[in-house]
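# Structural overview for review
Okay, here's what each chain looks like letter by letter:
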Amino acid sequence: MAAEIQIPIRTECPPGACTCERETLLQDVQGDRRILMLTQAEEKRLIARIEAISSYNDLNRMIGLMHAQLGIRLRITPSPNEVKTLRGIIIQLDALPGLCRKTRSNIPSAIRRCLDAHPEIAFAILDSHDLLGGI
């Protein structure tokens with residue numbers, strides 16, 4: 001008899017405090033429930049890892065891991081307008097059932113803190129979109 005493995009999932013948010021659609025996701029048999037493995041403790045670890053990123057390659061690797069392990073699609077692009085500060089870099093998380101409202105704001109905030117600490121990553125983002133013109 002095989003023992004069933006129990007994976008901890010994120011606890012539900014207080015009613016009315018979040019729009020994560022956690023219950024809808026749990027009821028959907030075909031739904032991608034990987035995001036529910038991002039418990040509050042795991043989210044803190046993820047935020048710490050994002051803030052510790054020190055290169056553009058590490059950032060891209062982390063973006064790939066978040067997609068592969070949790071289903072999170074993250075895009076970091078320069079604004080279509082002028083980029084004068086780090087606020088001109090757009091950090092977007094695609095809508096995903098089960099992704100908590102706080103997590104949707106914590107991940108971009110952690111990336112901004114990382115870019116503040118390592119401006120060379122911001123320059124690499126701009127260069128990857130050919131905005132520095134080979135300077």
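Located above this text is the structure these notes cover.
Bear in mind that the values here come from a model prediction, so they are computed numbers and not experimental data.

### Side note on the overall build of the chain
When helices and strands are counted, the chain shows five helices and two strands. When the helices and strands of the chain are listed from N to C terminus, the series reads α-α-α-β-β-α-α. A total of 135 residues make up the chain; the buried ones form 34% of that total. Taking as baseline every contact in the chain between residues at least 6 positions apart, the subset at least 24 positions apart corresponds to 57%. Surface summary for the chain: the accessible area is close to 8800 Å², and the carbon and sulfur share equals 53%.

### Side note on the pattern of salt bridges
Taken as a whole, this structure holds seven salt bridges when the rule is applied. In this structure, Glu-51 and Arg-113 form a salt bridge, with 2.4 Å as the shortest nitrogen-oxygen distance. Of this pair, Glu-51 sits in helix H2 (residues 40-51) while Arg-113 sits in helix H4 (residues 101-117), and the two are 62 residues apart along the sequence. Across the pair Asp-58 and Arg-61 runs a salt bridge whose closest N-O atoms are separated by 2.6 Å. Here Arg-61 and Asp-58 lie together in helix H3 (residues 56-70), a separation of three residues that amounts to about one turn. Residue classification places Asp-58 among the partly exposed positions, given a relative accessible area of 26%.

### With respect to the packing of H2 against H4
Two quantities define a packed helix pair, namely the angle between the axes and the distance from one axis to the other. Interaxial distance between H2 and H4 falls to 8 Å at its minimum, and their mutual angle equals 25°. One element, H2, and the other, H4, form an angle in the roughly parallel class. Where H2 crosses over H4, the handedness of that crossing is right-handed. Where H2 approaches H4, its residues Glu-43, Leu-46, Ile-47, Ile-50 and Glu-51 are matched on the opposing element by Lys-102, Thr-103, Asn-106, Ile-107, Ala-110, Ile-111, Arg-113 and Cys-114.

### Some points on H2
In a regular helix each residue adds 1.5 Å, so twelve residues correspond to 16 Å; H2 covers 17 Å between its end C-alpha atoms and thus fits that length. Listing the buried residues of H2 in full gives Glu-43, Leu-46, Ile-47 and Ile-50. Buried residues of H2, seen end-on, are gathered within an arc of 100° and therefore sit on one face of the element. Exposed positions of H2 whose direction lies more than 90 degrees from the buried face are Ala-41, Lys-44 and Arg-45.

### Points about the side chain of Arg-10
Of note, Arg-10 is situated in the segment before helix H1 (22-27). Judged by relative accessible area, Arg-10 falls into the buried class, the value being 7%. A polar atom in the side chain of Arg-10 sits 2.9 Å from the backbone oxygen of Leu-38. Other than its neighbours up to four places away in sequence, Arg-10 contacts Arg-22, Leu-36, Leu-38, Thr-39, Gln-40, Glu-43, Cys-100 and Thr-103.

### Quick word on the pairing of strand S1 (residues 74-78)
For a regular strand, side-chain orientation follows a simple rule: the groups alternate between the two sheet faces. Burial of S1 is one-sided: the residues Leu-74, Ile-76 and Pro-78 facing one way are buried, the residues Arg-75 and Thr-77 facing the other way are not. By the bridge criterion, five bridges tie S1 to strand S2 (residues 89-93) in an arrangement that is antiparallel. Bridge pairing in S2 places Ile-76 opposite Ile-91.

### Quick word on the nonpolar core
Grouped together as the largest cluster of nonpolar side chains are 29 residues, with contacts concentrated most on Ile-35, Ile-50, Ile-72, Ile-76 and Ile-107. Looking at this core, the elements with two or more residues in it are H2, H3, S1, S2, H4 and helix H5 (119-128). Beyond its immediate sequence surroundings of up to four residues, Ile-35 is in contact with Leu-25, Leu-70, Ile-72, Leu-96, Pro-97, Gly-98 and Leu-99.

Here is what the cut-offs are and how they apply
Residues numbered from 1 in each chain as written. Predicted model: local features only at pLDDT ≥ 70, side-chain atom pairs only at ≥ 80, totals over all residues. Heavy atoms only, no water. Helix = DSSP H or I, 4+ residues; strand = E, 2+ residues; numbered from the N terminus. Buried < 20%, exposed > 50% of the residue type's maximum accessible area, 1.4 Å probe, protein only. Contact = heavy atoms within 4.5 Å. Areas by Shrake-Rupley, 256 points an atom, 1.4 Å probe, with all protein chains shown as cover. Salt bridge = Lys/Arg side-chain N within 4 Å of Asp/Glu carboxyl O. Axes fitted to C-alpha atoms, helices over the stretch in contact; angles between N-to-C directions. Parallel < 35°, antiparallel > 145°, perpendicular 65-115°, else oblique. Left-handed = near helix turned anticlockwise from the far one by under 90°. Expected span 1.5 Å × (residues − 1). Arc of directions from axis to C-beta. Polar contact = N/O pair within 3.5 Å; in protein donor to acceptor, adjacent residues only side chain to side chain. Pairing = 2+ DSSP bridges. Core = buried A, V, L, I, M, F, W, Y, C linked by side-chain atoms within 4.5 Å.

Just geometry here; none of it tells us what the structure is for.
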